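As a plain string of letters, each chain reads:
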Amino acid sequence: MYIRKLYTLVFLRNDTHILLGLKKRGFGVNKWNGFGGKVEADETILDAALRELKEECCVTVDRDNLKNIGHLEFTFTGEPTLMDVRVFSATVFEGTPTETDEMSPKWFPYTEIPFEDMWPDDVIWFPYMLKDKLFFGKFHYKGYDTILNYNVEELESM
Ligand SMILES: Cc1cc(-c2ccco2)c2oc(N)nc2c1
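Residues numbered from 1 in each chain as written. Predicted model: local features only at pLDDT ≥ 70, side-chain atom pairs only at ≥ 80, totals over all residues. Heavy atoms only, no water.

**Student:** Hey, could you run me through the side chain of His-140 in this one?
**Tutor:** With respect to the helices, strands and loops of the structure, His-140 is situated in strand β7 (residues 134-142). Of the polar contacts made by the side chain of His-140, one reaches the side chain of Thr-75; its length is 2.7 Å. When residues no more than four places from it in sequence are discounted, the contact partners of His-140 are Tyr-2, Thr-75, Phe-76, Thr-77, Thr-146, Ile-147, Leu-148 and Asn-149. (Helix = DSSP H or I, 4+ residues; strand = E, 2+ residues; numbered from the N terminus. Polar contact = N/O pair within 3.5 Å; in protein donor to acceptor, adjacent residues only side chain to side chain. Contact = heavy atoms within 4.5 Å.)

Okay, here's the thing in structure tokens:
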């Protein structure tokens, strides 16, 4: 029986590049990732995704243009929390990605995604995202660097 905590992760994409942010502090520091964070008690998951994106890189997305593309669950040996991460992507957005206290944004060609400086699960589920397939992945970590076991499946709908 886990304590489920909701998080969001947003990826901005165009035909050739994906926007990643280098986390400058806190959880996942020094890893490239999408933009996101905790869903607060007083907000919807979608509002949290839009809020975190704006806070972390000054970009705004119309909620109609934010697509829920995946769902990830992370558990950790010896810890009671389950991180329930809702993954979104957008191709239409307003504003220029700008560095903040939290994140340093950078556009990466799809052929140059820096997996060695990202969470170890990313290399496993990114291919689903990059092929525009909906996905559900469960990862059980030992610490924050080692995946003990995982499962990823393609979904017909979220
Ligand atoms: C354990 C873990 C957590 C997250 C996370 C924290 C907040 C939003 O996502 C990840 O993100 C990615 N790409 N792998 C991740 C692994």
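Once the structure has been displayed, the description carries forward.
**Student:** Would you mind going over the pattern of salt bridges with me for this structure?
**Tutor:** Opposite charge on two side chains makes pairing possible when the charged atoms of those side chains draw close. Going through the model one piece at a time under the given rule, you end up with ten salt bridges. Of the charged contacts in the structure, one is a salt bridge between Glu-99 and Lys-24, with a shortest N-O distance of 2.7 Å. Placement of the pair is Glu-99 in the loop between β5 (81-90) and β6 (103-109) and Lys-24 in the loop between β2 (17-23) and β3 (32-33), with a sequence separation of 75 residues. Judged by its relative accessible area of 47%, Glu-99 is partly exposed. When its relative accessible area of 37% is taken as the criterion, Lys-24 is described as partly exposed. Residues Arg-51 and Glu-43 are paired through a salt bridge, measuring 2.6 Å at the closest nitrogen-oxygen approach. Look at Arg-51 and you get partly exposed, because its relative accessible area is 24%. In this structure Glu-43 comes out as buried when scored by relative accessible area, which is 18%. Because the salt bridges share partners, they merge into one network encompassing Arg-4, Glu-73, Asp-84 and Arg-86. (Salt bridge = Lys/Arg side-chain N within 4 Å of Asp/Glu carboxyl O. Buried < 20%, exposed > 50% of the residue type's maximum accessible area, 1.4 Å probe, protein only.)

**Student:** Quick question: what am I supposed to make of helix α2 (residues 122-130) here?
**Tutor:** One full turn of an α-helix is made of 3.6 residues, so residues set three or four places apart face in the same direction. By the burial criterion, the buried members of α2 are Asp-122, Trp-125, Phe-126 and Met-129. Seen along its axis, α2 keeps its buried residues to an arc of 120°; they face one direction. At the exit of α2 stands Asp-132, carrying a positive phi of roughly 55°. (Arc of directions from axis to C-beta.)

**Student:** Explanation requested: the site of the ligand in the structure shown.
**Tutor:** Residues in contact with the ligand amount to 13 residues; listed here are only the nearest, Asn-33, Met-83, Trp-119, Asp-121 and Asp-122. At 3.0 Å from an oxygen atom of the ligand is found a side-chain nitrogen or oxygen belonging to Asn-33. Take Asp-121: an N or O atom from its side chain is 2.9 Å from a nitrogen atom of the ligand. In the complex, the protein chains occlude 96% of the 380 Å² of accessible area that the ligand would expose alone. (Near = heavy atom within 4 Å. Areas by Shrake-Rupley, 256 points an atom, 1.4 Å probe, with all protein chains shown as cover.)

**Student:** Teacher, can you tell me more about the nonpolar core here?
**Tutor:** Ranked by internal contacts, the top residues of the largest apolar core, which has 24 residues, are Phe-11, Leu-20, Val-87, Trp-125 and Phe-126. Counting residues per element, the ones that place at least two in this core are β1 (3-13), β2, β4 (67-76), β5, α2 and β7. With 14 residues, the next largest nonpolar core counts Leu-50, Val-59, Phe-88 and Ala-90 among its residues. (Core = buried A, V, L, I, M, F, W, Y, C linked by side-chain atoms within 4.5 Å.)

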